[in-house]
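Chains, contacts and geometry: an overview
Here is what each chain is made of, one letter per residue.
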Amino acid sequence: RRFDVLYQDALLLVVNKPAGLPVHATAKFYFNTLTRVLLEHFGEPPPQICHRLDMETSGCLLIAFHKEIAAKLKAGFEKRAMNKTYLALVHGDPPWDEPQSIDLPLGLVDPDQPITIRMCVRDDAPPACTKVRVLRRPAPGYALVECRPITGRQHQIRAHLAAVGYPIVGDKLYGHGDEPFRQFCDSGMTPELLRAFELPRHALHAAALSFPHPEKGMMTVECPLPDDLQSFMDAGCLLPPDDEAWLDELLGAS
């Protein structure tokens with residue numbers, strides 16, 4: 001229920017949304033959402049969130065204090081007038097030392113599949129494009145990738161990276177198959193699942209956001225890589241030995 005302010009003026013706000021905090025209320029979450037926390041912090045009228053981040057994704061989120069400004073900013077996202085940059089820690093050794101494009105159409109899986117919220121590559125789906133580039137390789141078999149979504153499909157970066165063979169570390173939905181995801185949904189995070197996933201959340205971070213400020217023109221706000229991802233890379237992407245205190249700490253964070 002806490003967030004850091006990256007930028008604020010009388011018209012808008014950019015926050016660093018922490019991983020694990022849902023943006024909007026659902027049947028499962030009401031009080032523990034960014035929408036609710038913003039209302040408690042700023043009062044009425046409620047601040048207007050202008051785009052979305054998955055619950056486990058951290059980083060830059062743009063918020064307006066007035067509905068009229070929010071409508072213009074939301075329209076800007078729809079028209080691709082905004083530029084978003086993400087950092088993703090992935091499994092594998094992607095050959096992207098130079099910028100590349102992943103151009104694969106994305107749509108929801110067949111409704112007859114066991115897990116229907118997953119996106120997949122489908123010829124009949126809308127086009128989707130993500131620009132990718134490896135920034136560093138913190139350990140063998142891992143890479144930190146800069147991702148710039150050109151389109152805005154659901155789970156686009158996660159689905160694209162998994163589709164080309166480099167799933168995001170900790171991605172329960174796209175990185176480990178149906179059964180571990182089902183187990184997580186049924187039982188929550190367990191020590192066994194945490195060992196399989198390696199991180200209690202997927203390693204995706206919204207690192208920068210460029211947008212047209214209503215009064216100041218185009219501006220960019222950046223957000224540093226969070227401690228959990230930085231520490232994992234600094235440790236060579238190696239999990240510590242089975243230590244109950246470490247597992248309890250990560251399970252508590254998740």
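Refer to the structure printed above.
Bear in mind that the values here come from a model prediction, so they are computed numbers and not experimental data. (Residues numbered from 1 in each chain as written. Predicted model: local features only at pLDDT ≥ 70, side-chain atom pairs only at ≥ 80, totals over all residues. Heavy atoms only, no water.)

**Topic: the nonpolar core**
With 43 residues, the main nonpolar core has Leu89 and Leu161 as its most contacted residues. What Leu161 contacts, discounting residues up to four positions off in sequence, is Ala88, Val90, Trp96, Ile102, Val132, Cys147, Tyr166, Pro167 and Ile168. Leu12, Val14, Met219 and Cys223 belong to the second-largest nonpolar core, a separate cluster that totals 18 residues. (Core = buried A, V, L, I, M, F, W, Y, C linked by side-chain atoms within 4.5 Å. Buried < 20%, exposed > 50% of the residue type's maximum accessible area, 1.4 Å probe, protein only. Contact = heavy atoms within 4.5 Å.)

**What about the pattern of salt bridges?**
In total, this model carries 12 salt bridges according to the counting rule given. For Arg137, the salt bridge identified is with Asp97, shortest N-O distance 3.0 Å. Taken together, the positions of Arg137 in strand 9 (residues 129-139) and Asp97 in the loop between strand 5 (83-91) and strand 6 (100-103) put the pair 40 residues apart, joining distant regions of the chain. The exposure class of Arg137 is partly exposed, given its relative accessible area of 35%. Look at Asp97 and you get exposed, because its relative accessible area is 54%. Here Glu179 makes a salt bridge to Arg182, at a shortest N to O gap of 2.9 Å. With Glu179 and Arg182 both in helix 4 (residues 178-187) and 3 residues apart, this pair spans about one turn of that helix. One salt-bridge network, in which partners are shared between bridges, spans Asp54, Arg158 and Asp171. (Salt bridge = Lys/Arg side-chain N within 4 Å of Asp/Glu carboxyl O. Helix = DSSP H or I, 4+ residues; strand = E, 2+ residues; numbered from the N terminus.)

**Structural notes on the packing of aromatic side chains**
Taken as a whole and assessed by the stated rule, the structure comprises 4 aromatic pairs. Seen from their ring centres, Trp96 and Tyr166 are 5.3 Å apart, and the 75° between their planes marks the pair as edge-to-face. Here Trp96, found in the loop between strand 5 and strand 6, pairs with Tyr166, found in the loop between helix 3 (156-163) and helix 4; they are 70 residues apart in sequence, far enough to count as distant. Overall, the relative accessible area of 7% leaves Trp96 in the buried class. Overall, the relative accessible area of 18% leaves Tyr166 in the buried class. Here Lys172 stacks its cationic end above the ring of Phe184, 5.0 Å away from the centre of that ring. (Phe/Tyr/Trp six-rings, centres within 6.5 Å; stacked < 30°, edge-to-face > 60°. Lys NZ or Arg CZ within 6 Å of the ring centre and 35° of its normal.)

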